[in-house]
Amino acid sequence: RKEVEQDPGPFNVPEGATVAFNCTYSNSASQSFFWYRQDCRKEPKLLMSVYSSGNEDGRFTAQLNRASQYISLLIRDSKLSDSATYLCVVRLNDYKLSFGAGTTVTVRA
Amino acid sequence: DAGVIQSPRHEVTEMGQEVTLRCKPISGHDYLFWYRQTMMRGLELLIYFNNNVPIDDSGMPEDRFSAKMPNASFSTLKIQPSEPRDSAVYFCASRPSGRSRAGELFFGEGSRLTVL
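Rules used in this analysis
Residues numbered from 1 in each chain as written. Chains lettered and ligands numbered in written order. Predicted model: local features only at pLDDT ≥ 70, side-chain atom pairs only at ≥ 80, totals over all residues. Heavy atoms only, no water. Helix = DSSP H or I, 4+ residues; strand = E, 2+ residues; numbered from the N terminus. Buried < 20%, exposed > 50% of the residue type's maximum accessible area, 1.4 Å probe, protein only. Polar contact = N/O pair within 3.5 Å; in protein donor to acceptor, adjacent residues only side chain to side chain. Contact = heavy atoms within 4.5 Å. Salt bridge = Lys/Arg side-chain N within 4 Å of Asp/Glu carboxyl O. Buried area = accessible area lost by both parts, 1.4 Å probe. Nonpolar A, V, L, I, M, F, W, Y, C, P; charged D, E, K, R; others polar.

A. Fine view of the side chain of A:Ser98. Residues and elements named next belong to chain A. When you line up the elements, Ser98 lands in strand S10 (residues 97-99). Accessibility expressed as a relative area gives 8% for Ser98, which makes it buried. Among the polar contacts made by the side chain of Ser98, one reaches the side chain of Glu3 at a distance of 2.7 Å. With residues near it in sequence (within four places) discarded, Ser98 still touches Glu3, Val4, Cys88, Val89, Val90 and Leu92.

Structure, rendered in structure tokens:
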């Protein structure tokens, strides 16, 4: 079983729509969680950390459910520039991050 | 500020040839990571260094792969001999010390390797 699993998508949404997707992780001892964004043929970049109580960063909302071992990302009022692959990342120990394969989001005009 | 710098950006080589990928981490970052990304396997950690010392190389696929970090500002990943299945994008990433920043990796733009 993979350490981090994501629905690859793609999620095709119109501008202004809300899109949400999850990822699940297998190691219950995972310590912290993140979402990274990767544009086509570019490097991954940290989008936001995911806190136990849930957190927002502008139009982005991340939530964590430790009991069910999943993390979610919600994007409100989607922009064309939100088109990217979103990588779910789990920190397993002080040094190791495990990356999901990514969920592709395409926002259309 | 300069980010993580990788070279070459693209490399096309023939099977059996030696490939050397280079990375300059962000100044002051104590951790350096080498990742490989393919469509099939996603992002895989190959090896990471802390203060220039290799800590975990369990992700290195086989003896054909080796990595060094002779000083705090330079690392290499070498493949010898290269094989077509090594074709991938190789990312170098660095991060500062501190557990609170353990999830904050700064990636280079990657080296896209094609082995024919």
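On we go.
B. Here's a closer look at the environment of A:Leu87. Within the fold, A:Leu87 resides in strand S9 (residues 84-91). Of the residues examined, A:Leu87 reaches a relative accessible area of 1% and is grouped as buried. Between the alpha carbons of A:Leu87 and A:Phe34 there is a distance of 8.3 Å; along the sequence they are 53 residues apart. Contact partners of A:Leu87, with chain neighbours within four places excluded, come to A:Gln6, A:Phe34, A:Trp35, A:Tyr36, A:Gln38, A:Pro44, A:Phe99, A:Gly100, A:Ala101, A:Gly102 and B:Leu43.

C. Just the pattern of salt bridges, in detail. For the structure shown, the criterion picks out 13 salt bridges over all chains. For the salt bridge of A:Asp77 with A:Lys79, the shortest nitrogen-to-oxygen distance reads 2.9 Å. By relative accessible area, which is 36% here, A:Asp77 ends up partly exposed. In this structure A:Lys79 comes out as partly exposed when scored by relative accessible area, which is 32%. A salt bridge links B:Glu44 to B:Arg41; the shortest N-O distance between them is 2.7 Å.

D. The arrangement of the interface of chain B and chain A in detail. Each side of the interface is counted separately: chain B has 18 residues, and chain A has 15 residues. Buried surface at the junction of chain B and chain A, both sides included, amounts to about 1,600 Å², of which 55% is carbon and sulfur. Viewed at the interface, chain A and chain B are joined by 0 salt bridges. In this assembly, chain B and chain A are joined by 3 residue pairs in polar contact (both at pLDDT 80 or more). Every element with two or more residues in the side of chain B that touches chain A is listed here: strand S4 (31-38), strand S5 (42-50) and strand S9 (88-95) of chain B. Sort the elements by how many residues they give to the side of chain B that touches chain A and S4(B) lands first, with 4 residues. Class assignment of the residues belonging to the side of chain B that touches chain A gives a composition of 10 nonpolar, 3 polar and 5 charged.

Any functional reading would require information beyond the geometric quantities listed.
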